[in-house]
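Architecture at a glance
Listed below are the residues making up each chain.
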Amino acid sequence: MARYCRLMRVIVIGTGAAGASATAELARRGHQVTALERFSRGHVNGSSHGTTRVFRVSYRNRPYTEWAGAAIALWRELEERSGEHLLEQNGQIDHGFDGALAEITANYEAGGWSYERLSAEAAMDRWPGMRFESDVLFSPDGGRVFADRTIEALLRLAEADGADLHFNEPAVAITRDGDGVIVETADGRYAADIVVVAAGAWVTELRGWADFAVALPPLAVTEQFPVHFPIRPGYAFPSWINHNDAEASDYHFHYGAYGLETPGEGLKVGVDQLENFLDLTTRTLEVPAEAFAVAADYAERWLPGVDTSTGSAVSCLFTMTEDSDFVLDRRGPIVVASPCSGHGFKFTPILGRILADLAEAKDHGVEQWRLPA
Ligand SMILES: Cc1cc2nc3c(=O)[nH]c(=O)nc-3n(C[C@H](O)[C@H](O)[C@H](O)COP(=O)(O)OP(=O)(O)OC[C@H]3O[C@@H](n4cnc5c(N)ncnc54)[C@H](O)[C@@H]3O)c2cc1C
């Protein structure tokens, strides 16, 4: 393949979905990559841990449908390179607010995606573990991705391509050094041509932003507590999104609930708790009883196929822009990957390509992913 970019020293800050994917892709392209991670390998403090995430092409906002569609081939390529099964297209449904279903349908039609529209009764016959009050859209292209396995696969590929991974070594500050950047940690100073900042909820804590004129948009960090409930014998579930708030028509996915079957763990149920703002310095990772009760209440109303008397919940971070759009952009030697507002995992392989292209100064022309001027 022809190369048009000189090889660079790149530091990637953070090894969640965005950082791990960028590290693997930059190393694959031959750059000298060092990744700095605040916590240990496989930690559970950020946004990318856990067994599964929903994969869907069903978006109300068309560019995300297009990008999720484009991600499918990249997931398959990543599976081939890593030898891991990472994307399972076992189907996904949307139900709830009809305006949402109409926008998703328009995007399916525009992209030539297969889908079915079923009445609530027909859908309950087909998926008796779920209850519906609206029509239901079924997408055979949706399903689930395996999150922990993906991160580890990317890190292993990055190492195999020569990347240097430093765990338990948080970046503390970035400062300008000629055309490049110095990244400081408690253990040392690293010089780089380009720094990819993929620090998730901690992105604003890095010292030195003022040196680079990077105007990050307002970001709200909230703590979410998805719960896995045991599945009653005989039931099986596709991945699902319930657009259960008609007020949220400006957003592609707000104030709703989602879930999916995680093999061996049960049905994961997430009820968005977008007012659950968090101070990262005082976080305990404990799951409050009310958070479990919110998911159990939801499941009792909508999911007769699960047992809500017990379940297992985890803490996970949503870091959201005001409109839930991503920020993937570059200012000088700094490439920024926003934490992708609670719906980024499905795009993991494409995020690595975008971030590596930005590091190599290739233009994407995708205005939606730009930083504010
Ligand atoms: C409950 C929940 C459910 C979700 N469900 C879905 C879903 O179904 N489908 C979907 O597509 N997406 C989903 N998402 C969203 C998706 O998981 C996130 O968009 C994605 O994981 C964000 O990855 P990230 O790399 O930006 O952030 P993170 O995973 O948080 O990674 C950031 C990393 O940076 C490290 N770091 C921070 N500061 C520093 C520093 N100073 N130095 C070094 N390292 C640092 C952190 O330790 C962390 O490892 C969900 C998220 C949550 C929380």
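The paragraphs below set out a description of the structure included in this document.

1. Things to note about the sheet that holds strand β16 (residues 239-243)
- With mixed pairing, 8 strands are arranged side by side in an open sheet as β6-β7-β5-β16-β17-β18-β15-β19. On the outer flanks of this sheet lie β6 (116-118) and β19 (312-313), each paired with one strand and no other.
- As paired strands, strand β15 (residues 227-229) and β19 are joined by 2 bridges and run antiparallel to one another. The partner of Val227 across the bridge, within β19, is Ala313.
- Set on the sheet, helix α6 (residues 289-302) makes contact with β5 (92-96), β15, β16, β17 (257-262) and β18 (266-271); between it and β15 the angle comes to about 45°.

2. Considering the pattern of salt bridges
- Counted by the stated rule, this structure contains 24 salt bridges.
- Of the charged contacts in the structure, one is a salt bridge between Arg38 and Glu205, with a shortest N-O distance of 4.0 Å. Taken together, the residues Arg38 in the loop between β2 (32-36) and β3 (52-55) and Glu205 in the loop between β13 (194-197) and β14 (220-224) connect sequence positions 167 residues apart.
- Judged by relative accessible area, Arg38 falls into the partly exposed class, the value being 31%.
- A salt bridge links Asp329 to Arg331; the shortest N-O distance between them is 3.3 Å.
- Residues participating in the shared-partner salt-bridge network are Glu25, Arg28, Arg29, Glu77, Arg353, Asp357 and Glu360.

3. As for the site of the ligand
- The immediate surroundings of the ligand are formed by 36 residues, with Glu37, Ser48, Val54, Cys316 and Lys346 found nearest.
- Between a nitrogen atom of the ligand and a main-chain N or O atom of Arg38, the distance comes to 2.9 Å.
- The backbone of Gly342 places a nitrogen or oxygen atom 3.2 Å from a nitrogen atom of the ligand.
- Every element with two or more residues in the shell around the ligand is listed here: α1 (17-28), β3 and β20 (316-320).
- At 3 residues, the largest contribution of residues to the shell around the ligand is made by β20.
- Here the shell around the ligand is built from residues that sort into 19 nonpolar, 13 polar and 4 charged.

4. Section: the sheet that holds strand β21 (residues 328-331)
- Read from one edge of the open sheet, 6 strands run β9-β2-β1-β13-β22-β21, paired in mixed fashion. Because the sheet does not close on itself, it has two edges, and the strands there are β9 (164-166) and β21. Geometrically, the sheet is characterised by an average inter-axis angle of 15° between neighbouring strands, direction not taken into account.
- Pairing between β21 and strand β22 (residues 334-337): 4 bridges, direction antiparallel. Residue pairing for β22: Arg330 is matched across the bridge by Val335.
- Against the sheet, helix α7 (residues 348-359) engages β13, β21 and β22, with an angle of about 15° to β21.

5. Description of the pairing of strand β10 (residues 171-177)
- Pairing between β10 and strand β11 (residues 180-185): 6 bridges, direction antiparallel. When the sheet's bridge partners are listed, Thr175 is paired in β11 with Ile182.
- Linking two consecutive strands that pair antiparallel, namely β10 and β11, is a turn of 2 residues; a positive phi of about 65° is found at Gly178 within it.

6. Looking at the packing of helix α2 (residues 62-82) against α7
- Running from amino to carboxyl end, α2 crosses α7 at an angle of 95°, the nearest separation of the two axes being 7 Å. It follows that α2 is roughly perpendicular to α7 by the angle criterion. The residues of α7 that touch α2, namely those facing Trp67, Ala70, Ala71, Leu74, Trp75 and Glu77, are Thr348, Pro349, Ile350, Arg353 and Ile354.

7. Some details on the packing of aromatic side chains
- This structure, assessed with the given rule, holds 12 aromatic pairs.
- Centroid distance Trp127 to Phe138: 5.4 Å. Interplanar angle 35°. Geometry classified as tilted. With a gap of 11 residues between them, Trp127 in the loop between α4 (120-126) and β7 (136-139) and Phe138 in strand β7 connect regions that are remote in the sequence. Both residues of the pair, Trp127 and Phe138, belong to the buried class.
- A connected cluster of aromatic rings, assembled from ring pairs, spans Tyr59, Tyr64, Phe326 and Phe347.
- Over the aromatic face of Tyr59 sits the side chain of Arg56, whose NZ or CZ is 4.1 Å from the ring centroid.
- When the ring centre of Phe146 is taken as origin, the NZ or CZ atom of Arg149, which lies over that ring, is 4.4 Å away.

Quick notes on the rules
- The written sequence of each chain sets the order in which its residues are numbered from 1.
- The predicted nature of this model means local features are confined to residues of pLDDT at least 70 and side-chain atom pairs, given and counted, to a pLDDT of 80 or more, with totals for whole chains, interfaces and linings taken over all residues.
- Side-chain numbers come from the whole structure's heavy atoms, not from hydrogens or water.
- Paired strands, in this sense, are two strands between which DSSP finds at least two bridges.
- Numbered from the N terminus, helices here are DSSP runs of H or I no shorter than four residues, and strands are runs of E no shorter than two.
- Throughout, a residue-residue contact means that at least one pair of heavy atoms, one from each residue, lies within 4.5 Å.
- Comment: axis = line fitted to C-alpha atoms, over the contacting stretch for helices; angle = value between 0 and 180 degrees taken between N-to-C directions.
- Salt bridge, as applied in this entry: a Lys or Arg side-chain nitrogen positioned within 4 Å of an Asp or Glu carboxyl oxygen.
- When a residue's accessible area, from a 1.4 Å probe over protein chains only, is under 20% of the maximum for its type it is buried; when over 50% it is exposed; and in between it is partly exposed.
- Near, as used in this document, describes a residue that has one of its heavy atoms within 4 Å of the molecule or strand being considered.
- Polar contacts here mean pairs of N or O atoms no more than 3.5 Å apart (in protein, one a potential hydrogen donor and the other a potential acceptor; neighbouring residues in sequence count only if both atoms are side-chain atoms).
- All residues other than Ala, Val, Leu, Ile, Met, Phe, Trp, Tyr, Cys, Pro, Asp, Glu, Lys and Arg, Gly among them, are scored as polar; the first ten of these are nonpolar and the last four charged.
- Should an angle fall under 35 degrees it is called roughly parallel, over 145 degrees roughly antiparallel, and 65 to 115 degrees roughly perpendicular, with every other angle called oblique.
- Two rings belonging to Phe, Tyr or Trp (six-membered ring only in the last case) form a pair when the distance between their centres is within 6.5 Å. Interplanar angles under 30 degrees mark stacking, angles over 60 mark edge-to-face geometry, and anything in between is tilted.
- Geometrically, a lysine NZ or arginine CZ counts as sitting over a ring once it is within 6 Å of the ring centre and also within 35 degrees of the ring normal.

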